[in-house]
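Read off the chains here:
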Amino acid sequence: MSNAAPRVWEHAVVTGGAGFVGSHLCSALLAAGTRVTCVDDFSTGRPENIAGLRDRPGFTLVRANVSEPLDIDGPPDLVLHFASPASPADYLRLPLHTMEAGSLGTRNVLELARAAGARFVLASTSEVYGDPQQHPQNERYWGNVNPVGPRSVYDEAKRFGEALTTAEAEVHGVDTAIVRLFNTYGPRMRGYDGRAVPTFVRQALAGEDLTVTGDGLQTRSLCYVDDTVAGVLAMAAHDMRGPVNIGNPDELTMLELARVVIDLTGSSSRIRFIERPTDDPAVRCPDITLARDKLQWEPRVPAEEGLRRTIDWFRAHMDG
Ligand SMILES: NC(=O)c1ccc[n+]([C@@H]2O[C@H](COP(=O)([O-])OP(=O)(O)OC[C@H]3O[C@@H](n4cnc5c(N)ncnc54)[C@H](O)[C@@H]3O)[C@@H](O)[C@H]2O)c1
């Protein structure tokens, strides 16, 4: 299946543009001839992620916290709201910042889109499904979230962000879209962000034990970042509000992932089992029927290929 041709935008604002997914979005938009304003407070993002973009014509960095009123030069026609801590290690370290980015931040960024008449895309997450009782998860599933558990600062902020986005579309007619991203991996992840792929790759390259939580039989579905970016831009180009799942339905257990990483790195590392975090979901797999049907989008990069590219990047950049 071929992915739909991306629409050409004149000026895109990417909040969280110095982060992992956001920086790949900035690159893709610039490559398509779009002027890009990246808004980031570097709370979890890194200047290196956008180092290659800083001198490119059409790229502007605004160092700002989206939870405070924003001042952007020139009206955008596309606004991608990706600013939020995203890994459990980050949002557990920054609980209030995370809640503010999802609530006050989403409100401010929606206001920017409303004032400019721009298309607005909210980066939501599979975490809105919590520890799901339906498998795989389609967009009609309402989720199973603990509202006072340790992960709630992220899950509930994203759920609130979805509700606010929907209300803005209803009340002010903002042209909104919601994408629910499932686990995405690839170059520019941080080795210590606590997510499985960068953790395993870092450990394997350092010859350390790979720390698998619980019995390792919990599953995740991993989407290579280029595929995620293509899905987000396909949704931006469509007129659907969503929410739409963007993820890779190929599911694997954490134990399988650890073994593949050991294999692909040629590491002598062993696997060590450690305690599983509270409210860690047992299964996570997107039903992407909607994205396939409406956006003509589906992931193209097989896990082995994506992991090889990620490992190559970590080998060249291993600094944590
Ligand atoms: N990576 C994934 O697997 C995944 C899955 C689901 C959803 N998402 C969503 O995609 C977005 C990006 O995730 P990521 O993995 O690239 O994380 P990341 O931490 O690498 O990027 C987030 C970026 O947002 C910036 N940021 C955070 N709070 C901010 C604020 N208040 N003001 C301005 N900038 C702020 C950070 O500095 C960082 O550059 C997040 O909204 C996340 O919820 C990601």
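Cut-offs used in this document
Residues numbered from 1 in each chain as written. Predicted model: local features only at pLDDT ≥ 70, side-chain atom pairs only at ≥ 80, totals over all residues. Helix = DSSP H or I, 4+ residues; strand = E, 2+ residues; numbered from the N terminus. Rg over C-alpha atoms; globule rule 2.2 N^0.38 Å. Buried ≥ 20, exposed ≤ 12 C-beta atoms within 10 Å, placed from the backbone. Contact = placed C-beta atoms within 7 Å. UniProt positions renumbered as here; feature names shortened; annotations may be inferred. Near = placed C-beta within 6 Å. Nonpolar A, V, L, I, M, F, W, Y, C, P; charged D, E, K, R; others polar. Pairing = 2+ DSSP bridges. Axes fitted to C-alpha atoms, helices over the stretch in contact; angles between N-to-C directions. Expected span 1.5 Å × (residues − 1).

1. Section: the overall build of the chain
Counting its secondary structure elements, the chain contains nine helices and 13 strands. Taking 20 Å as the expected radius of gyration for a compact globule of 320 residues, we find that the chain reaches 19 Å, a close match to that expectation. For the chain, the C-alpha atoms occupy an extent of roughly 55 × 45 × 40 Å along the three principal directions. A buried classification covers 48% of the 320 residues belonging to the chain. Long-range contacts, defined here as pairs at least 24 residues apart, represent 80% of the contacts in the chain between residues at least 6 apart.

2. Points about the UniProt feature "domain: NAD-dependent epimerase/dehydratase" (unreviewed entry) in the chain
Residues annotated in UniProt with the feature "domain: NAD-dependent epimerase/dehydratase" (unreviewed entry) correspond here to residues 13-247. Taken end to end, residues 13-247 is 36% helix and 20% strand, and its first and last C-alpha atoms sit 23 Å apart.

3. Some details on the site of the ligand
Taken together, 30 residues surround the ligand, and among them Gly 16, Gly 19, Thr 44, Gly 45 and Ala 86 come closest. Elements with a minimum of two residues in the shell around the ligand: helix 1 (20-31), strand 2 (35-40), helix 3 (95-116) and strand 5 (119-125). Sorting elements by how many residues they give to the shell around the ligand places helix 1 first, with three residues. Counted by class, the shell around the ligand contains 13 nonpolar, 14 polar and three charged residues.

4. Points about the sheet that holds strand 11 (residues 244-246)
Reading across the sheet, the seven strands line up as 3-2-1-4-5-6-11 and stay open at both edges, with parallel pairing between neighbours. Of all the strands in the sheet, just strand 3 (59-63) and strand 11 have a single pairing partner and so form its edges. Geometrically, the sheet is characterised by an average inter-axis angle of 20° between neighbouring strands, direction not taken into account. By the bridge criterion, five bridges tie strand 1 (residues 11-15) to strand 2 in an arrangement that is parallel. Its bridge partner being in strand 2, His 11 is matched across the sheet by Arg 35. Packing against the sheet, helix 3 makes contact with strand 1, strand 4 (78-81) and strand 5, and its axis sits at approximately 170° to strand 4.

5. Notes on unusual backbone geometry
Put simply, His 135 and Pro 136 share a cis peptide bond, and its omega is -10°. Checked against the element boundaries, Pro 136 lands in the loop between strand 5 and helix 4 (152-172). At the junction of Gly 242 and Pro 243, the peptide bond is cis and its omega measures out at 5° in the coordinates. Residue placement: Pro 243 occurs in the loop between helix 6 (225-237) and strand 11.

6. Structural notes on helix 6
The end-to-end C-alpha separation of helix 6 is 18 Å, in line with the 18 Å expected for 13 residues at 1.5 Å each. Taken across its 13 residues, helix 6 has eleven buried, putting it largely inside the fold. Every buried residue belonging to helix 6 is among Val 225, Asp 227, Thr 228, Val 229, Ala 230, Gly 231, Val 232, Leu 233, Ala 234, Met 235 and Ala 236, and all of these are buried.

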